[in-house]
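Okay, here's what each chain looks like letter by letter:
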Amino acid sequence: MDSVAAMSLDDANWTAYEAGARAAIDAALSDAELDAARVAWLGRKSELVQALRGVRDRESGMLLNGVRGRLETAVAERETALQQLLWEAAADSGVDVTIPGLPVERGRLHLLTQIRREIEDVFLGMGYEVWDGNEVATVWENFDALTSDPGHPSRSINDTFYIDSDTVLRTHTSPDQIRAMLARTPPLYMVSPGRCYRRDTPDATHSPIFLQVECLAVDRGITLADLQGTVLQFFRALFGEDREVRMRTSFFPFTEPSVEFDVTCFICSGRGCATCKRSGWIEMGGAGWVDPDVFRNVDLDPDEWQGFAFGFGIERIAMLRHGLPDLRAFWENDLRVLGQF
Ligand code: PHE
């Protein structure tokens, strides 16, 4: 082939080009050969496409586009012809090509992973950073720095998985608050989703392994209204407008004041049933105003910094969204269940 520069735009040259391309296309005996011919004669670096790029007048444009259009048709026709040849060859060999194939199963993300990513997106949209916390925490991070009482039953080996006397599998995502505050200088806006572990007996709403998402905001001049606004925004994004949310006072050692969030029960819509223990509400998680002592434990001045934190169970969110009665299903990996989402 001539070089692009040497190629003039007269008709005769392009007639020869088209004939050459057609011969190459029709000579292709496999998909790979056809593709090679297409790339050589019609690809981005082919003389034809290079010449088309340099076109300035209408007439040349029409000429070259005509060549390109006809060659593209030739490629498509050759593809069909090759397919036909394959079928004929298969039929000759006695294979019935009309028998439907075996369905190919498509993989997908676990429902909890989908929801976790959705939560991350909601918070990224609000300007939060997503934190990848550690499932193994020191006793200090998981309990002491969060000012949990040294004698509190949640610390006992009946409730918590200890690796050694100083190390546990985190019982909530709240130790990530501590790690984040030690690693960053505020203002700090972070969410940390991940696995947590407790020595709970599995039932419809409890599992020894579960997912939480922690949220922590530390800045100057934050108010409780920011906490409420953020939680509402989060719920709206996940559930739409039609679930009612209520906040009631509660206690956590690391927040003061503390609240718990409930949403109307997904099974009975608030009328009262076994799942919500006849209350009409399902507990979603805890929240509160970061306790000044927690700030002191990570060397932040509570007179300068304020903040809020909350933690929610991700399985609960999934159950609520899809009306699933039992969270054990998430961890049993039964594809008949997981395949529905
Ligand atoms: N960590 C608490 C729990 O697991 C939830 C929580 C998080 C409460 C942050 C207040 C602030 O129940």
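Residues numbered from 1 in each chain as written. Predicted model: local features only at pLDDT ≥ 70, side-chain atom pairs only at ≥ 80, totals over all residues. Heavy atoms only, no water.

1. Considering the site of the ligand
Okay, so step 1: Taken together, 14 residues lie around the ligand, and His172, Ser174, Arg198, Gln212 and Gly311 are the ones closest in.
Okay, so step 2: Within the side chain of Ser174, an N or O atom sits 2.9 Å from a nitrogen atom of the ligand.
Okay, so step 3: Note that an oxygen atom of the ligand is positioned 3.0 Å from one of the side-chain N or O atoms of Arg198.
Okay, so step 4: With the chains in place, 90% of the 330 Å² that the ligand exposes on its own is no longer accessible.
Okay, so step 5: Every element with two or more residues in the shell around the ligand is listed here: strand E6 (209-219), strand E9 (281-290) and strand E10 (306-313).
Okay, so step 6: No other element matches the 3 residues that E10 contributes to the shell around the ligand. (Near = heavy atom within 4 Å. Polar contact = N/O pair within 3.5 Å; in protein donor to acceptor, adjacent residues only side chain to side chain. Areas by Shrake-Rupley, 256 points an atom, 1.4 Å probe, with all protein chains shown as cover. Helix = DSSP H or I, 4+ residues; strand = E, 2+ residues; numbered from the N terminus.)

2. Comments concerning a nonpolar patch on the surface
Okay, so step 1: Judged by side-chain polarity, Leu86, Trp87, Val95 and Val97 come together as a nonpolar surface patch covering roughly 370 Å² of accessible area.
Okay, so step 2: Inspection of the secondary structure puts Val97 in the loop between helix H4 (58-92) and helix H5 (111-125).
Okay, so step 3: Residue Val97 is classed as partly exposed on the basis of its relative accessible area, which comes to 31%. (Patch = residues over 30% accessible without salt bridge, like charges linked within 9 Å, V, L, I, M, F, W, Y side chains within 5 Å. Salt bridge = Lys/Arg side-chain N within 4 Å of Asp/Glu carboxyl O. Buried < 20%, exposed > 50% of the residue type's maximum accessible area, 1.4 Å probe, protein only.)

3. Brief notes about the side chain of Ser148
Okay, so step 1: Checked against the element boundaries, Ser148 lands in the loop between helix H6 (139-142) and strand E3 (162-164).
Okay, so step 2: If near-sequence neighbours (up to four positions away) are discounted, Ser148 is found in contact with Phe143, Arg155 and Pro253. (Contact = heavy atoms within 4.5 Å.)

4. Overview of the domain arrangement of the protein chain
The figure often quoted for interface size is the accessible area lost as the parts come together.
Okay, so step 1: Each domain of the protein chain was delimited in the assignment, giving domain 1 (2-92) and domain 2 (111-338).
Okay, so step 2: Each of domain 1 and domain 2 was reduced to a C-alpha centroid, and the two centroids are 61 Å apart. (Domains from an automatic or database assignment.)

5. Details of the sheet that holds strand E4 (residues 167-169)
Okay, so step 1: If you trace the 3 strands from one edge of the open sheet to the other, you get E2-E4-E3, paired in antiparallel fashion. The open sheet has two free edges, formed respectively by strand E2 (136-138) and E3, since each of these has just one partner strand. The mean inter-strand angle of the sheet, taken between neighbouring strand axes irrespective of direction, is 30 degrees.
Okay, so step 2: Two elements, E2 and E4, share 3 bridges in a ladder whose sense is antiparallel. (Pairing = 2+ DSSP bridges. Axes fitted to C-alpha atoms, helices over the stretch in contact; angles between N-to-C directions.)

6. Looking at the packing of H5 against helix H8 (residues 224-239)
Okay, so step 1: Running from N to C, H5 and H8 cross one another at 135 degrees; their axes reach a closest spacing of 10 Å. By the criterion of interaxial angle, the relationship of H5 to H8 is oblique. In the packing of H5 onto H8, the handedness of the crossing is right-handed. For the pair H5 and H8, contact is made by Glu118, Ile119, Val122 and Phe123 and by Thr230, Phe234, Ala237 and Leu238, respectively.
Okay, so step 2: In terms of residue class, the contact of H5 with H8 is built from 6 nonpolar, 1 polar and 1 charged. (Parallel < 35°, antiparallel > 145°, perpendicular 65-115°, else oblique. Left-handed = near helix turned anticlockwise from the far one by under 90°. Nonpolar A, V, L, I, M, F, W, Y, C, P; charged D, E, K, R; others polar.)

7. Observations regarding the state of the cysteines
Okay, so step 1: In the structure shown here, the tally under the stated rule is 0 disulfides.
Okay, so step 2: A disulfide-free cysteine, Cys265 has its sulfur positioned 3.7 Å from the sulfur of Cys268, the nearest such atom.
Okay, so step 3: Summary of cysteine pairing: Cys273 is not part of a disulfide, and the nearest cysteine sulfur, belonging to Cys268, is at 3.7 Å. (Disulfide = S-S within 2.5 Å.)

8. Quick notes on the pairing of E9
If a strand is regular, its side chains alternate between the two faces of the sheet.
Okay, so step 1: With 9 of its 10 residues buried, E9 lies for the most part within the structure.
Okay, so step 2: The pairing of strand E8 (residues 255-264) with E9 spans 8 bridges and is classified as antiparallel. Looking at E9, one finds that Asp262 is bridged to Glu283.
Okay, so step 3: Across 5 bridges, E9 lies against E10 in antiparallel orientation. Looking across to E10, one finds that Ala287 is bridged to Phe310.

9. Points about unusual backbone geometry
Okay, so step 1: Omega for the bond connecting Pro186 with Pro187 falls within 30 degrees of zero, at 5 degrees, which places this linkage in the cis form.
Okay, so step 2: The phi dihedral of Lys277 falls on the positive side, at around 50 degrees, and the residue is not glycine.
Okay, so step 3: Inspection of the secondary structure puts Lys277 in the loop between E8 and E9.
Okay, so step 4: Residue classification places Lys277 among the exposed residues on the basis of a relative accessible area of 66%.
Okay, so step 5: The residue Asp299 is not glycine, and still its phi comes out positive at about 60 degrees.
Okay, so step 6: On the secondary structure map, Asp299 appears in the loop between helix H9 (292-297) and E10.

10. Comments concerning the packing of aromatic side chains
Okay, so step 1: Counted by the stated rule, this structure contains 16 aromatic pairs.
Okay, so step 2: Between Phe123 and Phe234, the ring centres sit 5.2 Å apart and the planes meet at 40 degrees, which makes this aromatic pair tilted. One end of the pair, Phe123, is in helix H5; the other, Phe234, is in helix H8, with 111 residues separating them in the sequence. Neither Phe123 nor Phe234 differs from the other in exposure class; each is buried.
Okay, so step 3: An angle of 35 degrees between the planes, with centres 6.1 Å apart, marks the rings of Phe234 and Phe310 as tilted. Placement of Phe234 in helix H8 and of Phe310 in strand E10 is noted, with a sequence separation of 76 residues between them. Neither Phe234 nor Phe310 differs from the other in exposure class; each is buried.
Okay, so step 4: Counting every residue linked through ring pairs, the aromatic cluster contains Phe123, Tyr128, Tyr189, Phe234, Phe235, Phe239, Phe261, Phe308, Phe310 and Phe312. (Phe/Tyr/Trp six-rings, centres within 6.5 Å; stacked < 30°, edge-to-face > 60°.)

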